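Examining the three-dimensional arrangement
Chain by chain, the residues:
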Amino acid sequence: MFRPTLSLIDTLRQRRQRLANLINFPAIIWSGQTSPRNFPANVFPLRASSHFLYFAGLPLSNAAIRLDTGKLQLFIDDAKPSSALWHGEMPTREEIAGQIGADAAYPMAELESWLESVATIPSQDAGTWTQQTQLLNRWLLPQQPLAGIDLELANAIVNLRLIHDDAAIAELRKAAAVTVKAHKAGMRVTKSAKIEAEVRAAMEAVIIAHNMTTSYSSIVTVHGEVLHNDKYHHPIQPGDLLLADVGAETEMGWAGDVTRTWAVSGKFSSTQRDIYEVVLAAHDASIAKIRPGVEYRDIHLLACTAIAEGLANLGILRGKAEDLVEMDAHALFFPHGIGHLLGLDVHDMEDLGDLAGYEQGRLRSDRFGLGYLRLNRPLQPGMLVTIEPGFYQVPAILNDPNFRSKYEKTVNWERLSEFADVRGIRIENDVLVTNEASEVLTAALPYSVSDVENLVTNP
Ligand code: GLY
Ligand code: MN
Ligand code: MN
């Protein structure tokens, strides 16, 4: 298993101390556990809780940490002797405690004696969540509003995890670099691939070869209009666009999240290029605006306006860009938000609902064009966000009778039908807010029409 370095242990201690400065009660965070596929030694891979990873640094299974005044107590059982046969020798509790800089270590059964007045975060994993709920004797639901000290703890953790420290940024750069390599491999293999799965395999091979995992289920599809498509069986044919949204996750859990869209033949058709340029203009305008103090919602609206303007210039929408955005016409083709927080998770900390994404006192809009805005805060140095404008022809939206009648005159449906070879385009990069403006951590992966065409055409 991966071992934290001494400097990482320092970072972990600083994070614990910074948490202690924000709360005046102890907290227990469970790591999560593996679940068996059919028999106990054949398990689904573990993904330890991101909150646990943030303070403990190691993806331990079936462990908990108690954080109190900057100190960490580790609760974990030594592996049973029989497990060595299937899983090899495991480090002892004391060895693990040394690796993460714990101040004390106990068997799991002793956790019961340390529960007084503790706050917690609901586990994402059902087995652990059941244990947690029973031990604490209170009803916790993942993704439901928290209350009392649990809410205070969540807000404190959000405060810390919103702004990445140097160790986190170093990990995020590693994830970004491998993500870039994976996308280049995908572009290179496309010419010789017959189905989506071959492109996915080439991309994930790079990630696996770096001893990383994917940070979410890869989307590699000629049906980019299905936003989180998880099918890979479609043939890829000249004339198709291939949308690849694939990200690497480091051993410590830090994520990359990148999308590129390229033409299977290597060359975009004129209609594909026209729409790609519209999405690119929204992407570039959004990134140019990123700096501390700017509202992320304004960046979203800027991207919506750029898309509306581009589609109006192509004759697909009728009207002035600002008016089109006002009436949510852009959302017919760009129904999601411009991006989200990125860190130990894609959609970082969305296990806490909108606590991280939305500044206190702000609520999600129920407007069609704003409801999927996942981040609504002023930007601060050290935040990592994605910028991911897109254009999609989603049948469920475009064939909806209510939308058809509401936007009957706003959309030139006949003109739109000329763009039938554009099902989905997204361009997504990971952007760090710096003191001055921003740094695109994934900039090494080209996205201009000619650069993307070159990468696919000359593998
Ligand atoms: N990869 C999921 C997303 O971009 O939101
Ligand atoms: Mn994303
Ligand atoms: Mn993505």
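Since the structure is predicted, the reported quantities are computational estimates derived from the model, not experimental observations.

A closer look at the overall build of the protein
Along the backbone of the protein there are 15 helices and 15 strands. In terms of C-alpha radius of gyration, the protein reaches 23 Å, essentially the compact-globule figure of 23 Å for 459 residues. Here the C-alpha coordinates of the protein stretch approximately 70 × 50 × 40 Å along the principal axes. By the burial criterion, 54% of the 459 residues in the protein qualify as buried. Partitioning the intrachain contacts of the protein with sequence separation of at least 6 by distance along the chain shows that 72% fall at a separation of at least 24. Accessible surface for the protein amounts to roughly 19600 Å². Of this, 52% is attributable to carbon and sulfur atoms. When the 41 basic and 56 acidic side-chain charges of the protein are each reduced to a single mean position, those positions are 3 Å apart.

Re helix α15 (residues 449-457)
What α15 keeps buried is the set Val449, Val452, Glu453, Leu455 and Val456. The arc that holds every buried residue of α15, seen down its axis, measures 165 degrees, which confines them to one face. Check the buried side of α15 and you find it contacts α7 (166-190), β10 (258-263) and α9 (270-289).

Digging into the pattern of salt bridges
Applying the stated rule across the entire model yields 20 salt bridges. Residues Glu249 and Arg47 are paired through a salt bridge, measuring 2.9 Å at the closest nitrogen-oxygen approach. With Glu249 in strand β9 (residues 248-249) and Arg47 in the loop between β1 (27-30) and α2 (50-56), this pair connects stretches of sequence that are 202 residues apart. Judged by relative accessible area, which is 34%, Arg47 ranks as partly exposed. The partner of Glu388 in a salt bridge is Arg426, with the nearest N and O atoms 3.8 Å apart.

Some details on the coordination of the manganese ion (ligand 2)
The manganese ion (ligand 2) binds to the protein through Asp257 (OD), His340 (NE2), Glu388 (OE) and Glu428 (OE); the donor distances cover 2.0 to 2.2 Å. For the manganese ion (ligand 2), all donor residues lie on one chain, and their spacing in sequence is D-x82-H-x47-E-x39-E.

Considerations on the site of ligand 1
Around ligand 1, the neighbouring residues are Tyr216, His228, Asp245, Asp257, His340, His347, Glu388 and Glu428. Within the contact set of ligand 1, a nitrogen atom lies 3.1 Å away from a side-chain nitrogen or oxygen of Asp245. At 3.3 Å, a side-chain N or O of His340 approaches an oxygen atom of ligand 1. Protein chains bury 92% of the 190 Å² of accessible surface belonging to ligand 1 in isolation. Of the residues in the shell around ligand 1, the class split is one nonpolar, three polar and four charged.

Some remarks on the coordination of the manganese ion (ligand 3)
Listed as protein donors to the manganese ion (ligand 3) are Asp245 (OD), Asp245 (OD), Asp257 (OD) and Glu428 (OE); their distances from the metal cover 2.1 to 2.3 Å. Here the manganese ion (ligand 3) and the manganese ion (ligand 2) are spaced 3.2 Å apart, with Asp257 acting as a shared donor. Of the two residues, Asp245 is situated in strand β8 (residues 241-246) and Glu428 in the loop between β13 (424-426) and β14 (429-433); the sequence distance between them amounts to 183 residues. This pair shows no difference in class: Asp245 is buried, exactly as Glu428 is.

Some remarks on the UniProt feature "domain: Aminopeptidase P N-terminal" (unreviewed entry) in the protein
In the numbering adopted here, UniProt assigns the feature "domain: Aminopeptidase P N-terminal" (unreviewed entry) to residues 7-131. Spanning residues 7-131, this segment combines 34% helix with 15% strand, and its end C-alpha atoms are found 33 Å apart.

Quick look at helix α5 (residues 126-136)
Within the span of α5, buried status applies to Thr128, Trp129, Gln132, Thr133 and Leu136. Summarising the axial view, the buried residues of α5 lie within an arc of 130 degrees, below the 170-degree limit, and thus occupy one face. For α5, the exposed residues lying more than 90 degrees away from the buried face are Ala126 and Gln134. The inward-facing, buried residues of α5 contact β1 and β5 (119-120). Positive phi shows up at Asn137, right after α5, with a value of about 55 degrees.

Focus: the packing of α9 against helix α10 (residues 296-313)
It is the contact of α9 with α10, at a shortest axis distance of 9 Å, that shows an interaxial angle of 155 degrees. Classified by the angle between their axes, α9 and α10 sit roughly antiparallel to one another. Seen from above, α9 lies across α10 with right-handed handedness. Contact with α9, carried on its side by Ile275, Val278, Ala282, Ala285, Ser286 and Lys289, involves Asp298, Ile299, Leu302, Ala303, Ala306, Ile307, Gly310 and Leu311 of α10 and no other residues of that element. Looking at the contact of α9 with α10 residue by residue, the classes come out as 10 nonpolar, two polar and two charged.

Side note on the environment of Ser270
The topology assignment puts Ser270 in helix α9. For the pair Ser270 and Thr120, spaced 150 residues apart in sequence, the C-alpha to C-alpha distance is 54 Å.

A short note on the sheet that holds strand β4 (residues 104-106)
Taken together, the five strands give an open sheet; going across it, the order is β4-β3-β2-β1-β5, and neighbouring strands pair in mixed fashion. Among the strands making up the open sheet, the edge pair consists of β4 and β5. In this structure, strand β3 (residues 71-75) lies alongside β4, joined through three bridges in parallel fashion. Residue pairing across strands places Gln73 opposite Ala104, the latter belonging to β4.

Some thoughts on the environment of Phe391
Note on placement: Phe391 falls in strand β12 (residues 390-392). Along the backbone, Phe391 and Arg423 are 32 residues apart, and their C-alpha atoms lie at a distance of 8.0 Å.

Observations concerning the side chain of Glu428
Summary of buried charges: Glu428 has no salt-bridge partner, and the nearest side chain of opposite charge, Arg426, is 4.4 Å away. Polar side-chain contacts of Glu428 include one of 2.7 Å to the side chain of Thr259. Once residues lying within four places of it in the same chain are set aside, the contact partners of Glu428 are Asp245, Asp257, Val258, Thr259, Arg260, His340, Thr386, Ile387 and Glu388.

Procedures and definitions
- Residues numbered from 1 in each chain as written.
- Chains lettered and ligands numbered in written order.
- Predicted model: local features only at pLDDT ≥ 70, side-chain atom pairs only at ≥ 80, totals over all residues.
- Heavy atoms only, no water.
- Helix = DSSP H or I, 4+ residues; strand = E, 2+ residues; numbered from the N terminus.
- Rg over C-alpha atoms; globule rule 2.2 N^0.38 Å.
- Buried < 20%, exposed > 50% of the residue type's maximum accessible area, 1.4 Å probe, protein only.
- Contact = heavy atoms within 4.5 Å.
- Areas by Shrake-Rupley, 256 points an atom, 1.4 Å probe, with all protein chains shown as cover.
- Lys, Arg positive; Asp, Glu negative; His and termini not counted.
- Charge placed at Lys NZ, Arg CZ, Asp CG, Glu CD.
- Arc of directions from axis to C-beta.
- Salt bridge = Lys/Arg side-chain N within 4 Å of Asp/Glu carboxyl O.
- Donors = N, O, S within 2.8 Å, 3.2 Å for Na, K, Ca; no water.
- Near = heavy atom within 4 Å.
- Polar contact = N/O pair within 3.5 Å; in protein donor to acceptor, adjacent residues only side chain to side chain.
- Nonpolar A, V, L, I, M, F, W, Y, C, P; charged D, E, K, R; others polar.
- UniProt positions renumbered as here; feature names shortened; annotations may be inferred.
- Axes fitted to C-alpha atoms, helices over the stretch in contact; angles between N-to-C directions.
- Parallel < 35°, antiparallel > 145°, perpendicular 65-115°, else oblique.
- Left-handed = near helix turned anticlockwise from the far one by under 90°.
- Pairing = 2+ DSSP bridges.

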